[in-house]
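# Fold and contact review
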Amino acid sequence: MKTKKAKLQASVFALCSDIRTSILKLQFDDDLKGEISGAHERLGNRNPVACRSSATTEDTHDASFAGQHDTFLNQRNLKDVLSSIKKCWASIFTDRAVEYRTRNGIAHADAIMCVVIQNMVEPEVSGTAFSTEISTSFPGIHVAALYGLGEGLVSGEITSDEWLLNRDSFDVIRQVCGSKREYYQSRKSRSGIELKKTSLKMQNELCINHEMVKAIASQIRRIQSVYRILFGYEDVDTEIAIKKGKVIFLQCRPVVEQSTSDVLTVNQIESKNLDSIATGNYSLLGAAHGRIKVISDFNLLVQGKCAIGKDDIVVTTKTSNYWNQYLTELRGIITVEGSPTAHPMLIGRERGLAVICGCSVDTLDHLRAFEGEEFQSRFGTVEIERALNDSDNIRYLEKMGRVHQYPDSGSMWWVHQPNTYLSPAWLELMCGQYEAAVDHIKAVRNDVVDFQVPSFRIDHERSKVASEYLSYDYLLTSSKGPYKGMTLKECVALRDRYNIVSCSFLSTCQKFSQNPSLANWKAYESSFRMLHGAIYTHHAFREHVKTQSTKLAHDLNISQFHFDQFQSDHMGTIDYQEDTLFRLDIIHIATLLAEKHESENETFMNLDSIREYYPDILLKLEKIAIKYRLSKDTDIAQEPPVDQLFEKVAEAMIQIQAGKLEPIMVEPKDHTKGYFPSSLLKVNEINSTSATEWFPEAEYQELRRWANLSIELRVQMCNLHHWKVRGNAMIKQGLIEVQEHLNLPKNILKLSSLQDIRESITDYCIMTST
């Protein structure tokens, strides 16, 4: 069936070629030629003109035909104008236009071509402007622009600058500085246009300023109102040219509604652990499940050396209307070049395809490793996590085994802090976290005087500490709770306090490992309580900051979708993330093992073989296992979870061998200098490291600060856990020295009470001093 269909299509395209040839051979009769010549003179026959195709079947709500027919710019004489008219007529029978009509159920006999001849505008900047965000249908003004003529923008050949504005206030929600590596301009001495290189300075600057963008947005609103009354257009798509500071609207048509047929969605919760293998500046909502098909050269399709199947996700540098006859069946498109109005975005909207445009230049090489594989691509955005209500949260904690009800406390719920076995001494130490938590809050909030130490108890049966469950209503909204009315300044102060506490904890741990004295041990006890007090309060603290930033975004009339994108985009601005650094260490060891596996022809490698044959790698594994939190069971008496670490390394090694993960040959710099972070958690000012700038207007400054803090706190919580493991490893080192020096018969870590440890350290100090 497929072969028969392909043969029929080939015969139709051959017939179209004959029709185009016949049209181009036609001679104008004298009367028509005279009319065209007279009209050309009235335009000013020395002025270059644009010959634009305009078919009767174009610009409907369901099918725009954007770019399907040919237009010829900068026609400088009557001979070239007459030739261009015939080419416009002939373009109604191009392969792409015929295929487009067939797919949209439009009769070929209904397609009649008109040619519009206009004086040529030679703009400094060209662009498009929509009364809606075309990739999401969000009701905002969407403007895209680049230097020179608009040919590179509408074809998707050049990545443009982009702005999204609030439809009512015209405030800029998002702006993107596109690459704009080239631009089109009219030839000076003959008809046609030419491609020029853009200077590096111009590439790195936005091609128009906010005042101009807002002026365009204001005009779009007026045009939208007029066209809604005259033609019933809900939203409009316009092309613009800017010359000497003046905006010229070249054309207007209805926005083609986005098809939703066969668009998949992704369960964000279930899929949050999937790896991202391609990201871009622009996308259409939805997901695609299929096979990667990398096409490095369009001519491969033309020559029949490759074909696109119905289950393929096409990956290429860029597509254009010439691709249309080859894109009859597919699941999605990923391109390096492209803009919001690029070809893949337009056909994606019409066909309900998942699309990503504006990816990194190495996307083709990176995805080639996945070619032919089935996988699920995520084209949606990450949703901001929200606090569960108390009943849902209790059920969640109960499922995780973190809450318990005791016979002597009625219906009260108790939460294990933490939910792991603790040695006797650390059960006692952990009880101090609650008072420390209150101290943290009161240190930055002098007005909070009612916040009291929660009830807590030691569950000796389970070797855990438990505290009463505090409701979100109490923590976040009650006047007696710790966070109601907490200002941005106070939140920043609390974040800074937690960073100082972390640094102090690591410092005291290091001092004890180097000198196990009673004074250093007592300093550790204090810093331990302060660190765990920070960890205890951190979840509700993050919820407060997240609630404030979301509320502020709501008050500023920002869509949830764009706020989610904003949060997700700027997770990458974190300068210091322990998880990221942990990942680098894992990949480096996996790279070493992959090399040994290949050079020594090992058919199987496990942790036992590492211990026997590769002591150098085992040492690296052991060092990493005491730097990072690998397990929720972080009791100090536990041995480092080298086996869990090796599982992660083995997974990375498999990915490296399959070409899906870039190896790291050089050992990552020891950012901890043994134990310490080189700097405390720091987040760059929002937008400073990305071509995408969210909410750049001054009125959004407070929102950016709240959202920035929300991102920082998510990473800070992760870092606190890693630093806790790192500090306790140093404490363990010091206690083992005490145990061995005193020749104690029992394990000082597992069985000793807090008083036992203090007495043992005192004995150690006496013995070593004499």
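Criteria and cut-off values
Residues numbered from 1 in each chain as written. Predicted model: local features only at pLDDT ≥ 70, side-chain atom pairs only at ≥ 80, totals over all residues. Heavy atoms only, no water. Buried < 20%, exposed > 50% of the residue type's maximum accessible area, 1.4 Å probe, protein only. Helix = DSSP H or I, 4+ residues; strand = E, 2+ residues; numbered from the N terminus. Pairing = 2+ DSSP bridges. Expected span 1.5 Å × (residues − 1). Axes fitted to C-alpha atoms, helices over the stretch in contact; angles between N-to-C directions. Parallel < 35°, antiparallel > 145°, perpendicular 65-115°, else oblique. Left-handed = near helix turned anticlockwise from the far one by under 90°. Contact = heavy atoms within 4.5 Å. Nonpolar A, V, L, I, M, F, W, Y, C, P; charged D, E, K, R; others polar. Disulfide = S-S within 2.5 Å. 1 Å grid on protein atoms, 1.4 Å probe; cavity = no way out; pocket = protein on both sides within 12 Å on 5 of 7 lines; lining within 4 Å. Points joined across faces, edges and corners; volume = space filled by probe spheres on them. Salt bridge = Lys/Arg side-chain N within 4 Å of Asp/Glu carboxyl O. Core = buried A, V, L, I, M, F, W, Y, C linked by side-chain atoms within 4.5 Å. Phe/Tyr/Trp six-rings, centres within 6.5 Å; stacked < 30°, edge-to-face > 60°. Lys NZ or Arg CZ within 6 Å of the ring centre and 35° of its normal.

## Describing the pairing of strand β2 (residues 71-75)
Most of β2 is tucked away: four of the five residues are buried. Where strand β1 (residues 49-55) and β2 come together, three bridges link them in antiparallel fashion. Note that in β2 the partner of Val49 across the bridge is Gln75.

## A closer look at helix α17 (residues 518-555)
Given 3.6 residues per turn, any residue in an α-helix points the same way as the ones three and four places further on. Compared with the 56 Å implied by 1.5 Å per residue over 38 residues, the 55 Å span of α17 between its first and last C-alpha is a close match. Phi turns positive, to about 65°, at Asn557, one or two residues after α17.

## Brief notes about the packing of helix α14 (residues 433-444) against helix α16 (residues 488-514)
At a closest axis distance of 9 Å, the pairing of α14 and α16 adopts a crossing angle of 135°. By the angle between their axes, α14 is oblique relative to α16. Crossing of α14 against α16: the hand is right-handed. Across from Asp439, His440, Ile441, Ala443 and Val444 in α14, the residues of α16 making contact are Glu490, Ala493, Leu494, Arg497, Tyr498 and Val501. Each residue belonging to the contact of α14 with α16 can be placed in one class, and the counts come to seven nonpolar, one polar and three charged.

## Remarks on the state of the cysteines
For the structure shown, the criterion picks out zero disulfides. Here Cys114 stays unpaired: no disulfide links it, and the sulfur of Cys88, its closest cysteine neighbor, is 9.6 Å away. Cys114 gets classed as partly exposed once you look at its relative accessible area, which sits at 41%. As a non-bridged cysteine, Cys177 has Cys207 as the owner of its nearest cysteine sulfur, 8.5 Å distant.

## A few points about empty space enclosed by the protein
The final tally for this structure, using the stated rule, is two cavities of 30 Å³ or more. In this structure, the second largest cavity occupies an estimated 70 Å³ of space. Along its surface, the second largest cavity is lined by Pro418, Leu422, Trp426, Met430, Phe528, His532, Thr634, Asp635, Ile636, Lys724 and Asn728. When residues of the lining of the second largest cavity are traced back to their parent elements, those giving at least two are α13 (424-430), α17 and α23 (701-742). For the lining of the second largest cavity, the residue count by class is six nonpolar, three polar and two charged.

## Quick notes on the pattern of salt bridges
Two side chains of opposite charge can pair, provided their charged atoms sit close to one another. Applying the stated criterion across every chain, the model contains 29 salt bridges. The residue Glu712 makes a salt bridge to Arg495 at a minimum N-O spacing of 2.5 Å. Of this pair, Glu712 sits in helix α23 while Arg495 sits in helix α16, and the two are 217 residues apart along the sequence. Note that Arg726 and Glu578 form a salt bridge whose closest N and O atoms lie 2.8 Å from each other. Here Arg726 is found in helix α23, whereas its partner Glu578 is found in helix α19 (residues 578-599), with 148 residues between them in sequence. The pair formed by Arg726 and Glu578 is uniform in burial state, with each residue classed as buried. Salt bridges linked by common partners bring Glu133, Glu162 and Arg174 together as one network.

## Let's talk about the nonpolar core
Within the largest apolar cluster, 76 residues are counted, with the highest numbers of intra-cluster contacts made by Trp426, Trp521, Tyr524, Ile731 and Leu735. Broken down by element, the residue count for this core peaks at 13 residues, all from α23. Excluding anything up to four places from it in sequence, Ile731 contacts Trp426, Cys509, Phe512, Trp521, Tyr524 and Ile636. Counting 28 residues, the second largest nonpolar core, distinct from the first, contains Phe582, Ala594, Leu607 and Tyr614.

## Brief notes about the packing of aromatic side chains
Using the criterion set out here, one finds 21 aromatic pairs in the structure. Grouped by ring-pair contacts, the aromatic residues Trp426, Phe505, Phe512, Trp521, Tyr524 and Phe528 constitute a single cluster. One Lys or Arg, Arg457, reaches over the ring of Tyr406 and ends 4.1 Å from the middle of that ring.

## Regarding the sheet that holds strand β11 (residues 246-254)
The seven strands lie next to each other as β11-β10-β4-β5-β6-β7-β22, forming an open sheet whose pairing is antiparallel. Bordering the open sheet on either side are β11 and β22 (692-694), each of which pairs with just one other strand. For this sheet the average axis-to-axis angle between neighbouring strands, irrespective of direction, equals 15°. The sheet contacts of helix α7 (residues 210-231) involve β4 (125-130), β5 (140-147), β6 (161-166), β7 (172-176), β10 (236-243) and β11, and relative to β11 the element is tilted by about 40°.

## What about the sheet that holds strand β21 (residues 464-468)?
Taken in spatial order, the four strands make up an open sheet running β18-β19-β21-β20, and their pairing is antiparallel. The open sheet is flanked by β18 (403-404) and β20 (456-459), the only strands paired with a single partner.

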